[in-house]
Amino acid sequence: MTGTAGGVTQVGVVGGGVMGTGFAEVCARAGLDVVVVAADQDGAERGRRRLREALDRPVRKGRITEAERDAALARVAFSTDVKALRNRQFVLEAVRERLADKQEVFAELDRVVEDPDAILASNTSSIPISKLGRATHDPGRVVGVHFFNPVAAMPLVELVGSLRTRPDVLERTRAFVTDQLGKQTVHGRDQPGFMVNTLLVPFLLSAIRLLESGGGTAEEIDKGMVLGCGHPMGPLALVDLIGLDIIASVGEAMYEELKEPLYAPPPLLLRMIEAGHLGRKTGQGFYPYA
């Protein structure tokens, strides 16, 4: 993987949603050249607006200047053609949490990305990396790089290698994430949910079950965990922030392989998703958002 002083200079992203544009923002602010590939032109426009809004926030708070914002925006190009990623050194897949969709992306990247030393990474929060690597001819360069939302603010990245991921790929990924993006890392095992979500998801689903059974209101459950346990945010507010659909997808993926009932999404969560109440991104979850 070539680049200045052995580092990454050209980054690709597949997916213009919250996580994809969050990663693009962090890379652009680190001075890297970024190409984001969205599913269609509307998705590309939404991603561009999302990135602009994300970079406007630190300007308003005095953390970066308008000139720094404009320079970061200029480093990010949006496209609908995956071939735009052919010269990238590090590509992050950040599409929805469905195995078939992610495998399709990795099969395309395997065909398109020209540098055999380029790293193909996934932001999956639950799907084993071995299943994604099977979609490529070289599973050794496929690695899990799980950022947390919001990407710019959260300091942690969970790195996951499959049994076939090469040690040098893991080390180069760690160096990129820590030295160039300024994040800290933990290494998770290649199992559904990895390390963080193996602990977090059952907790969040338990809070939903408690609400569903009438054990407390949303406000009371969250207040109990914030004031009684010192959590910075209540579990139901956190589900709203992450997205109800994301939590359900992660739980379903973990339950499918492990058959642990604690990972199965409760009926209330599924009904809310069917109603379009996905949390902050839709204006309604366990709480309303203006």
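Residues numbered from 1 in each chain as written. Predicted model: local features only at pLDDT ≥ 70, side-chain atom pairs only at ≥ 80, totals over all residues. Heavy atoms only, no water.

(A) Local environment of the nonpolar core. If you look at the biggest cluster of nonpolar residues, it comprises 35 residues, and the most contacted ones within it are Phe-23, Phe-90, Val-145 and Phe-176. Take this core: its biggest share by element is 5 residues, from helix 1 (residues 18–29). Dropping the residues within four chain positions of it, Phe-176 is found in contact with Val-8, Val-11, Phe-23, Cys-27, Leu-32, Phe-90 and Leu-181. If you look at the next biggest cluster of nonpolar residues, it comprises 20 residues, including Leu-204, Ile-221, Val-250 and Met-272. (Core = buried A, V, L, I, M, F, W, Y, C linked by side-chain atoms within 4.5 Å. Buried < 20%, exposed > 50% of the residue type's maximum accessible area, 1.4 Å probe, protein only. Helix = DSSP H or I, 4+ residues; strand = E, 2+ residues; numbered from the N terminus. Contact = heavy atoms within 4.5 Å.)

(B) The pattern of salt bridges, seen in detail. Applying the stated criterion to the full structure yields 18 salt bridges. Asp-110 is the partner of Arg-141 in a salt bridge, and the nearest nitrogen-oxygen pair spans 3.9 Å. Taken as a pair, Arg-141 in the loop between helix 5 (129–133) and strand 6 (142–147) and Asp-110 in helix 4 (residues 99–112) lie far apart in primary sequence, 31 residues in all. The residues Arg-141 and Asp-110 share a single accessibility class, namely buried. Residue Arg-271 pairs with Glu-274 through a salt bridge whose shortest N-O separation is 2.8 Å. Of this pair, Arg-271 and Glu-274 both sit in helix 11 (residues 267–274), 3 residues apart, which is roughly one turn of that helix. The exposure class assigned to Arg-271 is partly exposed, which follows from its relative accessible area of 44%. Residue classification places Glu-274 among the exposed positions, given a relative accessible area of 59%. (Salt bridge = Lys/Arg side-chain N within 4 Å of Asp/Glu carboxyl O.)

(C) Broad picture of the packing of aromatic side chains. Following the criterion strictly, the structure yields 3 aromatic pairs and no others. Each residue in the set Phe-23, Phe-90, Phe-147 and Phe-176 is aromatic and connected to the rest through ring pairs, giving one cluster. (Phe/Tyr/Trp six-rings, centres within 6.5 Å; stacked < 30°, edge-to-face > 60°.)

(D) Quick peek at the sheet that holds strand 3 (residues 76–79). Taking strand neighbours across the sheet as the criterion, the 8 strands line up as 3-2-1-4-5-6-7-8 in an open arrangement whose pairing is mixed. A single partner strand is all that each edge strand has here, and the edge strands are strand 3 and strand 8 (184–188). Sheet twist, expressed as the average angle between the axes of neighbouring strands with direction ignored, equals 25°. Sheet analysis places strand 1 (residues 10–14) next to strand 4 (residues 90–93), joined by 4 bridges and oriented parallel. Each bridged residue has a counterpart across the sheet, and for Val-11 the counterpart in strand 4 is Phe-90. (Pairing = 2+ DSSP bridges. Axes fitted to C-alpha atoms, helices over the stretch in contact; angles between N-to-C directions.)

(E) Fine view of the packing of helix 7 (residues 196–212) against helix 10 (residues 244–258). Viewed as axis vectors pointing N to C, helix 7 and helix 10 meet at an angle of 115°, and their least axial separation amounts to 10 Å. Both helix 7 and helix 10 take part in a crossing whose hand is left-handed. Packed against helix 7, whose contacting residues are Asn-197, Thr-198, Val-201, Leu-204 and Leu-205, the element helix 10 presents Ile-247, Val-250, Gly-251 and Met-254 at the interface. Residues belonging to the contact of helix 7 with helix 10 are distributed by class as follows: 6 nonpolar, 3 polar and no charged. (Left-handed = near helix turned anticlockwise from the far one by under 90°. Nonpolar A, V, L, I, M, F, W, Y, C, P; charged D, E, K, R; others polar.)

(F) Expanded view of the environment of Val-201. Tracing the chain through its elements places Val-201 in helix 7. In this structure Val-201 comes out as buried when scored by relative accessible area, which is 1%. For the pair Val-201 and Val-250, spaced 49 residues apart in the sequence, the C-alpha separation amounts to 7.8 Å. Not counting chain neighbours up to four residues away, the residues in contact with Val-201 comprise Val-250, Gly-251 and Met-254.

(G) View of the layout of surface pockets. Of the volumes computed, that of the second largest pocket is approximately 250 Å³. In terms of lining, the second largest pocket is formed by 13 residues, of which the most central are Glu-97, Leu-99, Ile-127, Ala-253 and Glu-256. The element contributing the most residues to the lining of the second largest pocket is helix 10, with 5 residues. Of the residues in the lining of the second largest pocket, the class split is 5 nonpolar, 2 polar and 6 charged. (1 Å grid on protein atoms, 1.4 Å probe; cavity = no way out; pocket = protein on both sides within 12 Å on 5 of 7 lines; lining within 4 Å. Points joined across faces, edges and corners; volume = space filled by probe spheres on them.)

(H) View of helix 6 (residues 167–180). Given a rise of 1.5 Å per residue, 14 residues ought to cover 20 Å, and the 19 Å separating the end C-alpha atoms of helix 6 matches this to within 8%. At the exit of helix 6 stands Gly-182, carrying a positive phi of roughly 75°. (Expected span 1.5 Å × (residues − 1).)

(I) A look at the side chain of Asp-240. Mapped onto the elements, Asp-240 comes out in helix 9 (residues 235–242). Lacking a salt bridge, the buried Asp-240 has Arg-280 as its closest oppositely charged neighbour, with an N-O distance of 6.4 Å. (Lys, Arg positive; Asp, Glu negative; His and termini not counted.)

(J) Up close: unusual backbone geometry. The residue after Asn-149, namely Pro-150, is reached through a cis peptide bond having omega 0°. Here Pro-150 is to be found in the loop between strand 6 and strand 7 (156–161). Positive phi, normally seen in glycine, also occurs at Phe-194, with a value near 55°. Note on placement: Phe-194 falls in the loop between strand 8 and helix 7. The class for Phe-194 is buried, based on a relative accessible area of 1%. Although it is not a glycine, Lys-259 adopts a positive phi angle of roughly 55°.

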